Amino acid sequence: MLIVISMVTFGIFFVVPQWAGSTPEALASRYVGRAATPETVHLVAERLGFNDPIVVQYGRFLKGIFVGAEYDYGAGVEQCPAPCLGYSFISGQPVWPDLLDRMPVTFSLAIGAALLWVVFGVSVGVLSALRRGSFFDRLSMGTALAGVSLPIFFTGMVSLVVFSYGLGWTPPGGAWTDLTENPAQWAYNLLLPWITLAFLFAATYARLTRAGMLETMGEDYIRTARAKGLREREVVVKHGLRAALTPILTLFGIDFGLLIGGAILTETTYTLPGLGQFAILAIRNQDLPQVMGVVLFAAGFVVVASFVVDLLYAVVDPRVRLS
Amino acid sequence: MKRKSALAAAATAALALVLSACGGGGGGTTQPAQSASGAAAQPVANAALTEVFNPSTKKGGTLKAAHSADWDSLDPGDTYYGYSFNFGRFYWRTLTMYKPGPGPDGNTVIPDLAESLGEPSDEGKTWTYKIKPGLKYEDGTPIGAKDVAYAVARTFDKETFPHGPSYLNELLDWPKDFKGVYKTPDVDYKSAVEATDDTTVVFHLKKPFASMDYIVQMPMTAPVPKDKDTGAKYREKIISSGPYKFETNEIGKKFALVRNDQWDPATDPNRPALPDRIEVQLNVNADDLDNQLISGDIHLDIPGTGLQPAALGKVLPDPALKARTDNPTIPRLWYISVIPDNPPLDNVDCRKAVMYAADRVANQTAYGGEVAGGEIATNVMPPPIVGQEKFDTYPSEGNKGDTTKAKEALTACGQPNGFSTTMTFRADRPREKALAEAMEQALSKVGIKLTLKGFPASSYFSDYAGNTAYVKKNGIGLATHGWGSDWPDGYGFMQAIVDSRTIRDAGNYNLSVKSDKVDGLIDQASGELDTTARNKLWVDVDKAVMEDASLLPVVWAKALLLRGQGVTNVAYNEGQSMYDYIMLGVE
Amino acid sequence: MTAPLDVSGSASEAQPEVVLTGAGQAVQGRSLTGIAWMRLRRDKVALTGGITVLLLVLVAVFATPIIALFGHPPLEFHQDMIDSSTLLPKGDFGGMGSEYLLGVEPVNGRDIFSRIVAGAGISLLIGFLATLVSVLIGTVMGVVAGYFGGWVDQVIGRLMDVFLAFPLLVFAIALAGVVPDKGFGLEGNGLRIAMLIFIIGFFSWPSIGRIVRGQTLSLREREFVDAARSLGARNGYILFREILPNLIAPILVYATLLIPANILFEAALSFLGVGINPPTPTWGGMLSEAVRFYTLPHFVIFPGLAIFVTVLAFNLFGDGLRDAFDPRAH
């Protein structure tokens with residue numbers, strides 16, 4: 001699956017420009033300084049291998065991933081061990097360490113937001129389901145619906161204008177401190193992005209939990225559990241919620257996987273130096289090795305996340321057995 | 001030494017005061033920025049244009065700087081940004097340099113590593129530089145003439161160093177079999193550049209060239225020790241020859257410079273080296289950067305292109321903040337290429353219609369207005385260029401465009417009802433987008449219909465506007481463009497954008513000027529040895545371009561720069577077209 | 001990755017069977033549509049959403065006369081409204097007043113009201129048509145996978161997985177950046193809109209596809225299908241006469257819920273600068289300009305509000321529709 005994705009990415013950046021009438025030299029002249037001479041462009045095209053057939057170029061990329069590659073930096077040759085995603089066409093930096101370097105930012109963003117949205121979303125959803133039709137139910141479901149209808153680049157901008165630039169309660173966009181450096185500062189810097197992101201997701205999760213709870217609470221085994229004389233709380237949590245969690249888990253796997261692959265809009269709005277920002281910069285600079293790297297990285301997370309979700313099914317839902 | 005440079009600065013300041021009226025420094029007062037007693041400087045708008053603002057010789061402190069993007073490379077042999085040339089002098093020294101400080105003197109070059117300016121011989125085909133004795137790298141090893149020669153030779157390898165200027169590749173007489181110091185380590189490159197002894201560097205040119213002193217102020221001549229050279233990876237670990245050296249360097253994120261104790265101020269009267277430490281943050285959000293500059297959290301905005309629109313709305317109406325600004329005109333032209341490749345724009349009258357129809361005021365506003373954008377440009381060369389003359393080939397009332405003349409021109413070119421064409425712009429540059437929208441509005445009034453198309457800046461010249469096949473195939477008629485000069489004379493500014501012989505398949509910077517008359521005048525001007533006559537000829541080139549109507553000037557750029565809070569020794573340097581970074585200190 | 005984009009789609013897709021199995025069962029006595037319509041009429045919230053959607057469509061259709069009555073041409077510059085040094089609108093509240101209802105843009109002084117009205121058309125057009133594309137692809141893929149099962153189902157299932165794992169926004173941005181200017185008999189913004197419709201629709205079909213596949217799987221086992229089959233009906237007949245008609249309701253419901261997601265997708269692409277070419281106004285594009293002038297509340301709020309109201313209206317209506325077709329969730 002990752003191979004398919006990598007081929008498509010490669011194609012978009014190499015084949016589509018060729019349809020549009022681009023040549024290897026034209027591709028190469030993206031990666032030179034201003035007013036470069038034709039010789040410079042030619043040399044760069046050679047260096048980046050643009051003159052080779054596309055299959056050869058793609059093969060070289062795959063080889064880098066599976067067996068590693070060599071990088072000639074002029075004064076010598078550097079070994080780039082597998083998985084080698086190549087070197088940036090622009091900064092000459094290896095892509096893989098760059099990705100690892102930016103992962104903590106995106107990961108921090110995703111973890112914190114996920115924690116918030118799961119806790120809030122699920123509890124609001126359960127409460128709404130139990131008090132169906134109440135004022136609380138209507139209010140929270142109304143808010144939830146508003147939440148899914150707001151684009152994050154809008155809520156993000158408004159939150160920054162109000163809380164950072166206006167009231168000065170939260171740091172401005174772009175603030176990032178490593179967790180190991182100063183945990184309090186880390187959390188403080190991420191507070192606003194966490195809340196904004198969580199608001200958006202919590203809405204979905206609350207709606208989903210509510211629907212799931214309403215459905216499971218009507219099932220026979222819940223009636224049985226009640227008849228057995230179990231306490232209501234136990235019935236709700238152990239039996240009702242547990243079954244209702246299955247679809248939530250599926251969604252969570254996808255959402256979380258996609259999110260660690262780079263929360264592009266959130267990171268753009270708050271200028272966080274994570275994978276999403278990396279992806280946008282890479283695309284803007286048309287830095288193919290970086291684009292390939294971040295796309296594969298992101299897709300990899302989705303694959304891993306859905307695998308983990310499959311495993312968790314067995315734990316959460318008694319009806320599912322691992323076969 | 002310090003006193004000497006301060007005195008020199010004071011002298012230039014006095015001179016600058018006289019000249020500032022014609023220097024295009026913009027509005028504002030020219031009151032002295034500091035009282036004679038040396039009390040704290042009163043901020044006044046444009047104070048750093050004509051003299052050193054808040055002068056100081058106090059050492060110590062940390063200069064905090066930030067950049068909204070990233071360097072092309074920190075390697076002196078692989079960089080081509082104005083701010084990089086400016087900032088790099090903290091950690092490199094070159095044969096010559098722009099004279100630090102404010103005023104028109106900043107356009108002159110003075111010796112840096114060299115004892116004196118270059119000695120031309122063989123009618124300008126050989127240039128000899130004597131370097132000072134006692135120079136050392138940060139590791140204490142001596143800097144000799146051979147290090148400069150090696151540094152120059154290593155930049156020849158454009159495969160390893162694709163970003164830097166190629167002037168020396170083209171000017172010097174390189175051996176045929178020389179492919180760079182890495183690929184052909186055994187080839188002797190002394191036919192191009194050589195160290196004849198420990199202190200003498202000799203350049204051998206293919207043909208006479210007068211402006212060599214301007215070329216060697218570029219960082220290609222910053223010495224690189226051969227045994228520490230790591231090619232494309234040298235940018236990660238640079239050996240300093242200037243007053244500061246790298247303490248840390250995280251590419252794409254941040255780096256810090258600390259004092260280089262091997263740098264001897266006795267050999268370097270031009271760098272006051274005030275701060276103890278310099279910290280640079282990269283890829284900072286541009287709006288946050290402005291906010292931090294206003295609040296004093298950072299001292300310096302590295303790119304030096306001015307404030308973002310949001311900050312502009314905050315700074316200009318506030319007298320206290322406005323007093324901290326400088327508003328210089330920089331040697332940069334923002335313009336629109338009117339490309340003659342596709343009909344009907346191959347007809348000069350159709351191009352003239354575009355010239356007349358354009359609303360210059362709307363274009364100026366789109367480009368940032370009179371303060372942050374620039375002065376309405378009527379011809380190619382901007383005012384800071386030596387010998388520039390201002391003239392207007394397509395005048396209109398209030399610069400709002402002349403629809404009558406435009407319609408006449410349309411009739412003359414056989415398109416009385418107008419025509420349709422496509423205009424490209426760099427999608428990630430909001431000002432260029434606004435400019436394209438303004439042109440669409442203005443031209444629609446005379447029946448010229450524009451389709452606007454944005455492309456990424458990174459491939460704008462390689463794949464789109466600067467790619468001749470693309471332009472022809474897609475009927476591109478207009479393209480936003482901008483150009484700044486490497487050095488402030490006619491050749492330095494115009495050659496790359498108006499000489500049709502530089503045009504190739506892709507990656508062009510001259511998109512539209514394809515005139516034999518212009519080319520002929522360029523040759524005449526380049527060969528002219530008399531400065532006054534040469535400057536006059538460059539004005540003729542300018543006029544010929546305007547008559548060809550293939551380049552629509554928009555603004556001669558101005559930047560609204562904000563002096564950081566608590567920063568001392570601030571001066572706008574015309575050679576750098578920015579604050580002179582090496583002079584700065586902190587309180 | 002693209003938080004706001006997948007939300008509405010994936011939220012609803014997560015449990016299609018649970019919610020929608022009612023579609024087949026309810027065919028007793030009264031027609032399903034009849035019951036659903038009755039329920040929908042009682043649901044005031046959904047009706048409000050529906051009416052808002054209707055109003056928005058009317059605004060989009062009659063944009064030109066509305067602008068002529070209340071505003072200025074959306075592309076017209078009004079630089080007399082702009083301070084020439086700060087480039088900000090003169091006067092309080094961004095120049096708001098009877099002349100410019102929602103104020104003017106900085107730099108060029110264009111009428112924000114007109115631009116928002118003009119932007120409605122693009123948003124809705126792309127929202128509707130992109131959904132149509134995903135519904136078409138999704139239905140074909142889903143029916144084929146669900147009906148034939150076996151390796152066909154396997155392959156299509158894999159394909160959907162690949163699509164779901166795609167960092168969509170990255171692809172959309174990359175594609176939008178490299179697509180040529182002429183092709184398929186279109187050029188300029190026509191091609192641009194077609195391309196956006198295709199990209200958005202093409203990347204969001206799996207959400208519909210999954211639902212349709214699930215529905216088809218359960219329908220395939222129903223008595224009336226068995227009956228048809230035992231009567232010797234061919235696959236084509238069963239698919240078109242027996243299965244597809246029963247799929248219309250769920251498809252309609254999920255299409256309604258996909259429209260707002262696609263509108264958000266378009267806004268995000270415009271926000272990131274790869275949407276429709278200027279000067280054509282779009283809401284996402286207006287927001288992306290507003291980032292540079294974040295100190296101007298009117299410039300930020302109105303396009304954001306426009307997106308919010310539209311998306312919310314569709315969500316409310318879609319929700320009501322789903323409830324109406326699903327007896328259990330009610």
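Residues numbered from 1 in each chain as written. Chains lettered and ligands numbered in written order. Predicted model: local features only at pLDDT ≥ 70, side-chain atom pairs only at ≥ 80, totals over all residues. Heavy atoms only, no water.

Caption draft 1: Structural context of the packing of aromatic side chains. Residues and elements named next belong to chain C. Scanning the entire structure with this criterion turns up 53 aromatic pairs over all chains. Note on F128 and F314: the rings are 5.9 Å apart at their centroids and 75 degrees apart in plane angle, and the pair reads as edge-to-face. One end of the pair, F128, is in helix α7 (residues 112-148); the other, F314, is in helix α15 (residues 297-325), and 186 residues separate them in sequence. Using a relative accessible area of 35% as the deciding quantity, one classes F128 as partly exposed. We classify F314 as buried; its relative accessible area is 3%. (Phe/Tyr/Trp six-rings, centres within 6.5 Å; stacked < 30°, edge-to-face > 60°. Helix = DSSP H or I, 4+ residues; strand = E, 2+ residues; numbered from the N terminus. Buried < 20%, exposed > 50% of the residue type's maximum accessible area, 1.4 Å probe, protein only.)

Caption draft 2: Representation of the sheet that holds strand β10 (residues 277-281) of chain B in the model. Residue and element names in this part refer to chain B. Across the sheet, five strands lie side by side as β8-β9-β10-β1-β11; this open sheet has mixed pairing. The sheet is open, and its two edges are formed by β8 (244-250) and β11 (300-301), each paired on a single side. Pairing geometry for strand β9 (residues 254-259) and β10, over five bridges, is antiparallel. Residue pairing across strands places A256 opposite E279, the latter belonging to β10. (Pairing = 2+ DSSP bridges.)

Caption draft 3: A look at the nonpolar core. Counting residues in each nonpolar core, the largest one holds 313 residues, and the members touching the most others are F87, L172, W174, F203, M212, M439 and V498 of chain B. By residue number, the principal contributor to this core is helix α8 (residues 183-216) of chain A, which donates twelve residues. The residues contacting W174 of chain B, other than those within four sequence positions of it, are V152, A153, F156, L168, N169, Y189, S191, A192 and V193 of chain B. Grouped together as the second largest cluster of nonpolar side chains are 27 residues, L239, Y254, A261 and F325 of chain C included. (Core = buried A, V, L, I, M, F, W, Y, C linked by side-chain atoms within 4.5 Å. Contact = heavy atoms within 4.5 Å.)

Caption draft 4: Expanded view of the interface of chain A and chain C. Contacts between chain A and chain C engage 49 residues on the former and 48 residues on the latter. In total, about 4400 Å² of surface goes out of reach between chain A and chain C, with carbon and sulfur atoms giving 80% of it. Counting every contact that joins chain A to chain C gives one salt bridge. Across the pair R207 of chain A and D319 of chain C runs a salt bridge whose closest N-O atoms are separated by 2.9 Å. On inspection of chain A and its partner chain C, the count reaches two residue pairs in polar contact (both at pLDDT 80 or more). Put simply, the parts of the chain that give the side of chain A that touches chain C at least two residues each are α1 (2-19), α6 (135-148), α7 (152-166), α8, α10 (232-260), α11 (264-269), α12 (275-284) and α13 (288-316) of chain A. Take the side of chain A that touches chain C: its biggest share by element is nine residues, from α8 of chain A. Split into classes, the residues belonging to the side of chain A that touches chain C amount to 38 nonpolar, six polar and five charged. (Buried area = accessible area lost by both parts, 1.4 Å probe. Salt bridge = Lys/Arg side-chain N within 4 Å of Asp/Glu carboxyl O. Polar contact = N/O pair within 3.5 Å; in protein donor to acceptor, adjacent residues only side chain to side chain. Nonpolar A, V, L, I, M, F, W, Y, C, P; charged D, E, K, R; others polar.)

Caption draft 5: The arrangement of the sheet that holds strand β15 (residues 420-426) of chain B in detail. Residues and elements named next belong to chain B. Taken together, six strands build an open sheet; the order of strands is β14-β18-β13-β17-β15-β16 and the sheet is mixed. Each of the sheet's edge strands pairs with one partner strand only, and the pair in question is β14 (374-376) and β16 (449-455). Taken pair by pair, the neighbouring strands of this sheet meet at an average axis angle of 25 degrees, ignoring direction. Note: strand β13 (residues 329-338) against strand β18 (residues 551-558), six bridges, orientation antiparallel. Opposite W334, over in β18, you have V555 as the bridge partner. (Axes fitted to C-alpha atoms, helices over the stretch in contact; angles between N-to-C directions.)

Caption draft 6: Representation of the UniProt feature "transmembrane region" (unreviewed entry) in chain C in the model. Residue and element names in this part refer to chain C. Taking the UniProt record as the reference, the feature "transmembrane region" (unreviewed entry) is found at residues 45-71, 116-147, 159-179, 191-212, 251-276 and 296-318. Strand forms 0% of residues 116-147 and helix 100%; the C-alpha atoms that close the span are 45 Å apart. With 81% helix and 0% strand, residues 251-276 has end C-alpha atoms that lie 29 Å from one another. (UniProt positions renumbered as here; feature names shortened; annotations may be inferred.)

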